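One-letter residues, chain by chain:
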Amino acid sequence: MNTGVADELETVTSPRAGGAEKNIAIFAVKLVVTGACFWYVFKQVDPIQTLSGIARLDLRWAAFATFIAMLQIPLVALRWRNVLRALAACDERMTRAAMIAITAIGLFFAQVLPSVASEGVRAWLLVRLGGTWRYSVTSLVIDRGVGVGLLITLGFGILLLPSGLTALGGYRNAVLIVYGALLATGLIGLLLAPRLIPYLERWRYSRWTASLIGDTERVLLGPRCPVIVGLGCLHHALTIVVVWSVARAQGLTLTLPDAAALFTVMVGILLLVPISVSGWGLRELATVSLLASHGVRPETALLFSVCFGLVYAVGSLPGALAWLVYSPSPARRAVERAANEK
């Protein structure tokens, strides 16, 4: 998965002709999937009842959920910065404030652009601060991999909790097997990394992969790993709080284990099945299907999922402000590299 993200990031940041066409084609396919999912969901709901549920929303809980979503921005930034420090690629210009601003901008663009394009924006801004393209892309791939790995680990534990929603409509055992297999694959890969690197370095087209594996090992087995993992776990824990708060805004009485089970489904689809635009449509389809098996009306479930997405859309607005007021001037060595390329 990390290699796939790396390839896509390389395409985004590469000036080669054809890269833009490929990204447009991928976005078009995701747009079709999103539209098809919404079409299928809307066939099952009454639009009037869905809209009437908006008037009953408790805006205080919605505002609290949005506030928590905003708090997650600096957590993502600090986790990314610690990855860079573990790679010895963090210089004096990459301060906490600068990294938070860049992360906020990237998360804002993730709401309106494909996720890989938003990561490309983060990589570009980091290069302007003085970073290299290699470590900018590598750090983002590792940071994304840490988030996905923690999601799988937490999801595996959450599905073992005593909650009706963790049954996943009868698919819990299948999901547990998949999550367990992914965890085992990750652990085996980490253990075999020292033996794989020499073989991968022999071929030109696999040297970047060998470098990525080596850098990942440095991060995950280095002294900053506890901080990176802790920030990642806190980020996911706050997402569960957002799920719980959005449910309270609708008057749904969810326990924290129930909210955690919904988190596993809603965020898992976004990170593990990225075939729609920012998870829209596919997330609504999964949420409606899951909650319907527990007596929740499709209209209520649809509004719940849409509100969850809107909370993060509104919570990303600080990134729009940062984009308007923050523009890092190119570092001297970045300017020198650009001059040498010419």
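Coordinates for the structure precede this section.
Reading the values: rules and limits
Residues numbered from 1 in each chain as written. Predicted model: local features only at pLDDT ≥ 70, side-chain atom pairs only at ≥ 80, totals over all residues. Heavy atoms only, no water. Axes fitted to C-alpha atoms, helices over the stretch in contact; angles between N-to-C directions. Helix = DSSP H or I, 4+ residues; strand = E, 2+ residues; numbered from the N terminus. Left-handed = near helix turned anticlockwise from the far one by under 90°. Contact = heavy atoms within 4.5 Å. Nonpolar A, V, L, I, M, F, W, Y, C, P; charged D, E, K, R; others polar. Core = buried A, V, L, I, M, F, W, Y, C linked by side-chain atoms within 4.5 Å. Buried < 20%, exposed > 50% of the residue type's maximum accessible area, 1.4 Å probe, protein only. Patch = residues over 30% accessible without salt bridge, like charges linked within 9 Å, V, L, I, M, F, W, Y side chains within 5 Å. Areas by Shrake-Rupley, 256 points an atom, 1.4 Å probe, with all protein chains shown as cover. Salt bridge = Lys/Arg side-chain N within 4 Å of Asp/Glu carboxyl O. Expected span 1.5 Å × (residues − 1). Polar contact = N/O pair within 3.5 Å; in protein donor to acceptor, adjacent residues only side chain to side chain. Phe/Tyr/Trp six-rings, centres within 6.5 Å; stacked < 30°, edge-to-face > 60°. Lys NZ or Arg CZ within 6 Å of the ring centre and 35° of its normal.

1. Observations regarding the packing of helix α4 (residues 59-86) against helix α5 (residues 96-112)
Two elements in contact, α4 and α5, have axes whose closest approach is 8 Å; the angle formed by their N-to-C orientations is 115°. Crossing of α4 over α5 shows right-handed handedness. Where α4 approaches α5, its residues I73, P74, V76, A77, L78, W80, R81 and L84 are matched on the opposing element by R96, M99, I100, I102, T103, A104 and L107. Residue composition of the contact of α4 with α5, by class: twelve nonpolar, one polar and two charged.

2. Topic: the nonpolar core
Membership of the largest hydrophobic core comes to 41 residues, with the highest contact counts inside it found for L262 and F304. The element contributing the most residues to this core is helix α11 (residues 256-272), with nine residues. The contact partners of L262, leaving out residues within four places of it in the chain, are L165, V243, L254, L290, L291 and F304. Judged by nonpolar contacts, the second largest core, of 30 residues, contains M99, L126, A320 and A322.

3. Focus on unusual backbone geometry
One non-glycine residue with positive phi stands out, namely A88, at about 55°. Assignment of secondary structure puts A88 in the loop between α4 and α5.

4. Section: the environment of L176
Structurally, L176 can be placed in helix α8 (residues 172-200). In this structure, L176 is in contact with F156, L159 and L160, ignoring residues within four places of it in sequence.

5. Thoughts on a nonpolar patch on the surface
A contiguous nonpolar patch, built from W124, W133, L321, W323, L324 and V325 and spanning about 670 Å² of accessible area, is present on the exposed surface. When you line up the elements, W323 lands in helix α14 (residues 317-325). On the accessibility criterion, W323 (38% relative accessible area) is partly exposed.

6. Structural notes on α4
In this model, α4 (28 residues) spans 41 Å end to end at C-alpha, consistent with the 40 Å of a helix rising 1.5 Å per residue. A side-chain oxygen of the first residue of α4 lies 3.1 Å from the backbone nitrogen of R60; this N-cap is D58. Following α4 by one or two positions, A88 adopts a phi angle in the positive range, close to 55°.

7. Focus on the packing of aromatic side chains
Under the defined criterion, the tally for this structure stands at six aromatic pairs. Here the aromatic cluster, defined as three or more aromatic residues joined through ring pairs, consists of W61, F64 and W244. Looking at R134, its charged tip hangs above the ring of Y135, at a distance of 4.4 Å from the centre. Directly above the ring of W280 sits R283, whose terminal nitrogen or CZ lies 4.5 Å from the centroid.

8. Things to note about the pattern of salt bridges
Enumeration over the complete set of coordinates arrives at eight salt bridges. Taking the shortest distance from any N to any O, the salt bridge between R144 and E119 comes out at 2.9 Å. On the criterion of sequence distance, the pair formed by R144 in helix α7 (residues 133-158) and E119 in helix α6 (residues 115-128) is long-range, its members being 25 residues apart. Owing to a relative accessible area of 7%, E119 belongs among the buried residues under this scheme. The closest approach of N and O atoms between D215 and R134, which form a salt bridge, is 3.0 Å.

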